[in-house]
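Summary of the model geometry
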Amino acid sequence: MPKINKYVDIDTVEREAKKDLIDRHSPFIHCAETAKKGEPFEVTVKMGNEYTHPDDFDHYIESVALYNGETLLARASYVPGTLGNVKAHNTTTFTIIPTGKKLNLVAHGYCTKHGIWESTPVTVTVAE
């Protein structure tokens, strides 16, 4: 089983290099707090909040996955150079159809050099 790195509030980290490493590898979920059952719902996952990630041929974000609890909802894969070989925020928008009473969203980002990184969970209320 691969190690999954989890986001740590970078305000609690003293070293700038450590803040950079944590932030640029962490996925951040952006979506509404409520969704309507059976209707398309957009969830955007942005890799990094304050710091950007490289898009080099040997160091890039290879994939972004979105889960509801432990159930995989969607995954997007990227080839190196997709962002033009510059430091940038890999941003992926998924459209899902909610079915239950709530969503427990978690995102994973996979860096080819630093492994799997997990977002802070986001709960979305699903209305009828």
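Everything quoted here is computed from the prediction, not taken from an experiment. (Residues numbered from 1 in each chain as written. Predicted model: local features only at pLDDT ≥ 70, side-chain atom pairs only at ≥ 80, totals over all residues. Heavy atoms only, no water.)

Regarding the overall build of the protein
Scanning the protein from terminus to terminus reveals one helix and ten strands. Each helix and strand of the protein, placed in order from N terminus to C terminus, yields the pattern β-α-β-β-β-β-β-β-β-β-β. Each principal axis of the C-alpha distribution contributes one length, and for the protein these read about 45 × 35 × 30 Å. The buried share among the 128 residues of the protein stands at 41%. Partitioning the contacts of the protein with sequence separation of at least 6, the portion at a separation of at least 24 is 63%. Within the structure as shown, the protein displays about 7300 Å² of accessible surface, and the carbon and sulfur contribution to it stands at 50%. Put simply, the protein has 14 plus and 17 minus side-chain charges, and the middle of one group is 4 Å from the middle of the other. (Helix = DSSP H or I, 4+ residues; strand = E, 2+ residues; numbered from the N terminus. Buried < 20%, exposed > 50% of the residue type's maximum accessible area, 1.4 Å probe, protein only. Contact = heavy atoms within 4.5 Å. Areas by Shrake-Rupley, 256 points an atom, 1.4 Å probe, with all protein chains shown as cover. Lys, Arg positive; Asp, Glu negative; His and termini not counted. Charge placed at Lys NZ, Arg CZ, Asp CG, Glu CD.)

A look at the pairing of strand E5 (residues 61-68)
Counting buried positions along E5 gives six out of eight residues, so the element sits mostly inside the fold. Where E5 and strand E6 (residues 71-77) come together, six bridges link them in antiparallel fashion. Bridging from a neighbouring strand, Asn68 pairs with Thr71 of E6. The turn joining E5 and E6, which pair antiparallel and follow one another in sequence, is formed by two residues; a positive phi near 65 degrees is taken by Gly69. (Pairing = 2+ DSSP bridges.)

Side note on the pattern of salt bridges
Counted by the stated rule, this structure contains two salt bridges. Here Glu118 makes a salt bridge to Lys6, at a shortest N to O gap of 3.2 Å. Of this pair, Glu118 sits in strand E9 (residues 115-118) while Lys6 sits in strand E1 (residues 4-6), and the two are 112 residues apart along the sequence. Judged by its relative accessible area of 52%, Lys6 is exposed. Between Glu128 and Lys37 there is a salt bridge whose closest N-O contact spans 3.7 Å. Of the two residues, Glu128 sits in the segment after strand E10 (122-127) while Lys37 sits in the loop between strand E3 (34-36) and strand E4 (41-47), which places them 91 residues apart along the sequence. Classification of Lys37 as partly exposed rests on a relative accessible area of 37%. (Salt bridge = Lys/Arg side-chain N within 4 Å of Asp/Glu carboxyl O.)

Quick look at the packing of aromatic side chains
Each aromatic ring pair is described using two quantities: the centre-to-centre distance and the angle formed by the ring planes. Summed over the entire model, instances satisfying the criterion amount to one aromatic pair. Geometrically, the ring pair formed by Tyr7 and Phe28 is edge-to-face, given 5.1 Å between the ring centres and 70 degrees between the ring planes. You can see Tyr7 sitting in the loop between E1 and helix H1 (16-25) and its partner Phe28 sitting in strand E2 (residues 27-30), a full 21 residues away along the chain. Of the residues examined, Tyr7 reaches a relative accessible area of 23% and is grouped as partly exposed. Classification of Phe28 as buried rests on a relative accessible area of 16%. (Phe/Tyr/Trp six-rings, centres within 6.5 Å; stacked < 30°, edge-to-face > 60°.)

What is shown is where atoms sit, not what they do.
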